[in-house]
Amino acid sequence: MLRNYYNPLVDSLLDANPRIAAAYIDSVLIRYPSEHDMAFRQGIAYHRIDSLEKAIASYQKAMDINGGEYPQALQYIGFALSDLKKYDEAIVQFQKASSISSGYENELYIAENYELKGDTEEAIRYYKLFLSSLEANNLNLRYWEDIRDLKKKITELEITKQ
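Since we're looking at a predicted model, the values are computed, not measured. (Residues numbered from 1 in each chain as written. Predicted model: local features only at pLDDT ≥ 70, side-chain atom pairs only at ≥ 80, totals over all residues. Heavy atoms only, no water.)

1. Comments concerning the overall build of the chain
This is how the line gets drawn: Elements are defined by DSSP. Helices are runs of H or I of four residues or more, strands are runs of E of two residues or more, and each kind is numbered from the N terminus. Burial classes: relative accessible area under 20% of the type maximum marks a residue as buried, over 50% as exposed, and values in between as partly exposed (1.4 Å probe, protein chains only). Note on contacts: a residue pair qualifies if any of its non-hydrogen atoms lie within 4.5 Å across the two residues. In these tables, accessible area is a Shrake-Rupley quantity obtained with a 1.4 Å probe, and a residue counts as shielded only by the protein chains included in the view. Counting rule applied: Lys, Arg positive; Asp, Glu negative; His and chain ends not counted. One atom stands in for each charge, and that atom is NZ of Lys, CZ of Arg, CG of Asp or CD of Glu.
The number of helices and strands found in the chain is nine helices and zero strands. Secondary structure elements of the chain, listed N to C terminal, follow the sequence α-α-α-α-α-α-α-α-α. The principal-axis extent of the C-alpha atoms belonging to the chain is close to 55 × 35 × 30 Å. Looking at the chain as a whole, 41% of its 162 residues qualify as buried. Sequence-distant contacts, at least 24 apart, represent 45% of the contacts inside the chain between residues at least 6 apart. Total accessible area on the chain stands at roughly 9,300 Å², and carbon and sulfur atoms take up 49% of it. Side chains of the chain carry 19 positive and 25 negative charges; the gap between the two charge centres is 2 Å.

2. Focus: unusual backbone geometry
The phi dihedral of Asp50 is positive, around 65°, even though this residue is not glycine. Tracing the sequence through the fold places Asp50 in the loop between helix H3 (36-48) and helix H4 (52-66). For Asp50, a relative accessible area of 63% puts it in the exposed group. Phi is positive for Lys85, which is not a glycine, with a value near 65°. On the accessibility criterion, Lys85 (60% relative accessible area) is exposed.

Here it is in structure tokens:
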């Protein structure tokens, strides 16, 4: 019931004015403190206004309300940590998300963070893992451009590594 009532307004505020969305979600959470999805959306609002520490706290709060870690919140914590240039910590979050559930492109995000921190060898390894999963799911040629681009990126990294 709550989601049906508040979600359209929250979604539009997230797009139009994330700062107001964060404040509005505060008022919703006061009335409905057990709504982990609202805490998660508040994290998105903070992330969009570059309040990255607050975003991480909101994502963590969403997991606390939910009663445990879940892949999407871990992934968004990883994004915020990566934006803070805390690549090792971001990698840990993406690895946790991947261990809970596959299909969230975590290998790609791990690879990108290894590349950002300058560990080309690990970046290549994870890019190849992600490439394998794309190729395995390439039943309708949906990912052919992604596969092509990823192969090119791996080749470029392998050349710069030498």
